[in-house]
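Single-letter residue listing:
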Amino acid sequence: MQTPDHKRLRSNVLGLIYFDPTTGEAVQIAQVHDSEGELIGTNQVLYPNAFDGVNADIQYFYRLDGLEQDVIVREQIPAPEAYGMNSATTELEVFTEFLSPPTASVAGVDSDEQGLESDQTISWGATSLGRGKAFSLGGEDAPANVAKRYATVSGRHFLLEKVRYQD
């Protein structure tokens, strides 16, 4: 993505993990694999069946005001208990790597949701990441807040977006 102030952001989803903040335990439940993108609208690209281990797609929406990245889980994923974890305290995370990004400005935002880590605002000049939402495809449930965190580990830059498994 080329930002309005001419910064280049390149990223790719790496996978899905379960993380339990009460124990610090994490397990990768799906890894991204090759998927051919399909143009499904003038501003939408869908990468179907984009993961090993979970039936899920990655979809991108491009608009004048930004870019949206969605992970669409097509069937029930295994419960955290299948990995020896607790559903009541486990979070599902999407982790995305940014490749050689410009320096990000990161600030904490208090979460109004009980039990979910505070969110962060992340920006690169004129471009920033908005608040995320998770919802069921049927739309019968209220959307759940998604908390995000930007981390640099061994010189690599990652965006972690998470929602409580129970939500």
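Residues numbered from 1 in each chain as written. Predicted model: local features only at pLDDT ≥ 70, side-chain atom pairs only at ≥ 80, totals over all residues. Heavy atoms only, no water.

Trainee: Is there a simple way to explain the pairing of strand E8 (residues 91-98) in this structure?
Mentor: The side chains of a regular strand alternate between both faces of the sheet. Of all eight residues that make up E8, eight are buried, and the element is covered over most of its length. Side chains Glu91, Glu93, Phe95 and Glu97 project from E8 onto one buried face, and the interleaved Leu92, Val94, Thr96 and Phe98 project onto a second face that is buried too. Direction of pairing for strand E1 (residues 11-20) relative to E8: antiparallel, over a ladder of eight bridges. Bridged to Tyr18 within E8 is Leu92. (Buried < 20%, exposed > 50% of the residue type's maximum accessible area, 1.4 Å probe, protein only. Helix = DSSP H or I, 4+ residues; strand = E, 2+ residues; numbered from the N terminus. Pairing = 2+ DSSP bridges.)

Trainee: Quick question: what am I supposed to make of the environment of Glu97 here?
Mentor: Mapped onto the elements of the fold, Glu97 is located in strand E8. Residue classification places Glu97 among the buried residues on the basis of a relative accessible area of 8%. Counting along the chain gives 61 residues from Glu97 to Phe158, while the straight-line C-alpha distance between them is 4.4 Å. The residues touching Glu97, leaving out its near neighbours within four places in the chain, are Arg10, Ser11, Asn12, Leu14, Arg156, His157 and Phe158. In this structure the side chain of Glu97 is engaged in a polar contact, spanning 2.8 Å, whose partner is the side chain of Arg156. (Contact = heavy atoms within 4.5 Å. Polar contact = N/O pair within 3.5 Å; in protein donor to acceptor, adjacent residues only side chain to side chain.)

Trainee: I would appreciate a short explanation of the packing of aromatic side chains in the present structure.
Mentor: Scanning the entire structure with this criterion turns up six aromatic pairs. An angle of 35° between the planes, with centres 5.1 Å apart, marks the rings of Phe98 and Trp124 as tilted. Here Trp124 lies in strand E10 (residues 119-124) and Phe98 lies in strand E8, a separation of 26 residues in the sequence. Residue Phe98 shares its accessibility class with Trp124, and that shared class is buried. (Phe/Tyr/Trp six-rings, centres within 6.5 Å; stacked < 30°, edge-to-face > 60°.)

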